[in-house]
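Per-entry structural report
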Amino acid sequence: MRILKKRWTYFAVIAALSFLIVMLPDAVENDIHVIPRVQVEVLEVDNSLLDPVGIVYNGAQECVVQINEGKYKGEKIQAQNYLNASLDKDKLYKPGEKAICMLHERANDLVGTMVDHDRRGVMFILLALLFVMLAIFGGLSGVGASLSLVFTAIVIWKVYIPLMIQGYPPVATAIGLIAVLGSVICVLVSGPNLRALTAILGGFAGTAVTVILGVIFTKLFKLDGGMLPYIVPLLSQSGMTFNMNELFLCTIFIGNAGAVIDLAMDISAGCTEIISHAPNVTAKDLMKSGFNIGKMDIGTMSNTLVMGYAGGFLSMLLYFSAQGTPLVDILNYRFVAAEIMVTLVGCFGLISAAPLTSFIASRIMTANPQKMLEIED
């Protein structure tokens, strides 16, 4: 009961901290933030001003919309939906759909500019279902996982991104981010105990390997951040102050940190179970058991990374295959080589996390077997 109270206290502290972080002011304020956004319902559309360009369109879709919130709730206005023949950004509306609209208040008129479909309701339903499933099948650890998911998203958006915009060094800031998030996630999922400490240290050790290899192989592969999405407008917006090479490094180990922490927690949890059934196990035997647990995880987690990246670039692979691009060309395209390097470096981080976590567990857990026996789920 005492341990359960401590965990709920920790949940409350992280929830309160998350709320305070959300209240932080935005890092950048400009005129576009002043323009109010509201949900609207599309009543009518006029596509006569659209010019088809293949399967996309140029021009503007005229919409009549009804405002669903704010001081103009219930009013019907004209709104423009501008299209630029961009398949990944353009959208067409139909009557009855909900959308987000910018309101432009003029002297004697009110008009709108359509932003995109309003997907918040569906997002909330999906997120709520995820939290319910985590609570049902994960119990208290599932509740902690839900809270850690929220905390991670808030910290990245309200703390890490603003620090980057303000000019803090990307790599050092990213390492600090992983240290903080890794600690919070492990404690939320496992509780403030030696199991969490083992996972934190093991995850950070594996991430350190990823950082070192990322620095080395980024140079050997002759890669920089030029292939990152939105990097050109970002550099233009910042006056070329962003270091795109460091930004590319951050994407490598931040993207792999979750998998490394996951593997470290798996091994830590497995070693905890061994201690609970064999309190007198030696450090050598526990480390050997951790290695054996890690062997299974390494095989599956490495393939998870490969399949994840392959799934994200499936359309690209189909395109190259369909036009008969030689494999030697594909492998040496900069953006393809970058994904290969990111995947392989991530696999090295996972592989190193397994023995490092096992070693840490053998030292920490066997030194305090009584504390290990106090852990409750």
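Here the structure is a predicted model, which means the values were calculated and not measured.

Rules used in this analysis
Residues numbered from 1 in each chain as written. Predicted model: local features only at pLDDT ≥ 70, side-chain atom pairs only at ≥ 80, totals over all residues. Heavy atoms only, no water. Helix = DSSP H or I, 4+ residues; strand = E, 2+ residues; numbered from the N terminus. Buried < 20%, exposed > 50% of the residue type's maximum accessible area, 1.4 Å probe, protein only. Contact = heavy atoms within 4.5 Å. Areas by Shrake-Rupley, 256 points an atom, 1.4 Å probe, with all protein chains shown as cover. Lys, Arg positive; Asp, Glu negative; His and termini not counted. Charge placed at Lys NZ, Arg CZ, Asp CG, Glu CD. Core = buried A, V, L, I, M, F, W, Y, C linked by side-chain atoms within 4.5 Å. Axes fitted to C-alpha atoms, helices over the stretch in contact; angles between N-to-C directions. Left-handed = near helix turned anticlockwise from the far one by under 90°. Nonpolar A, V, L, I, M, F, W, Y, C, P; charged D, E, K, R; others polar. Salt bridge = Lys/Arg side-chain N within 4 Å of Asp/Glu carboxyl O. Pairing = 2+ DSSP bridges. Phe/Tyr/Trp six-rings, centres within 6.5 Å; stacked < 30°, edge-to-face > 60°. pLDDT = per-residue confidence, 0-100. Expected span 1.5 Å × (residues − 1). Bend = angle between axes of the 7 residues up to and from the residue.

1. So, the overall build of the chain
Counting its secondary structure elements, the chain contains 12 helices and six strands. Buried positions account for 39% of the 377 residues belonging to the chain. Taking the contacts inside the chain whose residues are at least 6 apart along the sequence as the reference set, 67% of them involve residues at least 24 apart. Split by element, the accessible area of the chain, about 20900 Å² in all, is 67% carbon and sulfur. For the chain, the distance from the average site of its 25 positive side-chain charges to the average site of its 29 negative ones is 10 Å.

2. Regarding the nonpolar core
Counting 35 residues, the largest nonpolar core has F151, F248, I252, F253 and M341 as its most contacted members. Only α1 (2–22), α3 (120–165), α4 (170–190), α5 (194–220), α6 (231–237), α7 (244–277) and α11 (334–367) provide two or more residues apiece to this core. Those residues in contact with F253, other than ones at most four positions away along the chain, are V171, A174, I175, I178, T207, T210 and V211. Judged by nonpolar contacts, the second largest core, of 17 residues, contains A259, L286, A353 and A361.

3. Here we look at the packing of α5 against α7
Remark: α5 packs on α7, axes separated minimally by 7 Å, with the N-to-C direction vectors making an angle of 150°. Handedness of the crossing formed by α5 with α7: right-handed. Considering only residue class, the contact of α5 with α7 consists of 13 nonpolar, 11 polar and one charged.

4. So, the environment of T241
Here T241 is to be found in the loop between α6 and α7. Using a relative accessible area of 62% as the deciding quantity, one classes T241 as exposed. Between the alpha carbons of T241 and A264 there is a distance of 36 Å; along the sequence they are 23 residues apart.

5. What to know about unusual backbone geometry
The phi angle at A85 is positive, at roughly 55°, despite the residue not being glycine. Here A85 shows up in the loop between β4 (76–84) and β5 (98–105). For A85, a relative accessible area of 30% gives the class partly exposed. Within the chain, K222 stands out as a residue other than glycine whose phi angle is a positive 55°. Structurally, K222 is set in the loop between α5 and α6.

6. Some words on the pattern of salt bridges
The full count for this structure, using the stated rule, is five salt bridges. The shortest N-O distance in the salt bridge between D224 and R334 comes to 2.8 Å. Remark: R334 occurs in helix α11 and D224 occurs in the loop between α5 and α6; sequence separation between them is 110 residues. In this structure R334 comes out as partly exposed when scored by relative accessible area, which is 39%.

7. Some points on the pairing of β4
Examined bridge by bridge, strand β3 (residues 56–67) and β4 share nine bridges and lie antiparallel to one another. By the bridge assignment for β4, G59 is matched with L83. Where β4 meets strand β6 (residues 110–117), three bridges bridge the pair, whose relative direction is parallel. By the bridge assignment for β6, Q80 is matched with T113.

8. Considering the packing of aromatic side chains
In this structure the tally under the stated criterion is six aromatic pairs. Ring geometry for F320 and F335: centres 6.3 Å apart, planes at 25°, overall stacked. In this pair, F320 sits in helix α9 (residues 314–322) while F335 sits in helix α11, placing the two residues 15 residues apart along the sequence. Site record: aromatic cluster; members linked through ring pairs are Y319, F320, Y333 and F335.

9. Here's the deal with the pairing of strand β2 (residues 50–53)
By the bridge criterion, four bridges tie β2 to β3 in an arrangement that is antiparallel. When the bridges of β3 are listed, D51 appears paired with N58.

10. Quick word on the confidence of the model for the chain
Mean pLDDT over the chain: 86, with 94% of residues reaching 70 or higher. The least confident element of the chain, judged by mean pLDDT, is helix α2 (residues 31–34) at 59; the most confident is strand β1 (residues 37–46) at 95.

11. Here's the deal with helix α8 (residues 283–312)
Structurally, the α-helix is built with 3.6 residues per turn, so residues lying three or four positions apart point the same way. Compared with an ideal rise of 1.5 Å per residue, which puts 30 residues at 44 Å, α8 spans 42 Å between its outermost C-alpha atoms and is within 8% of the ideal. Along its length, α8 reaches its greatest deviation from straightness, about 25°, at D297. Those residues of α8 that fall on the buried side of the exposure criterion are L286, M287, G290, G294, D297, I298, M301, S302 and L305. Contacts from the buried residues of α8 go to α7 and α11.

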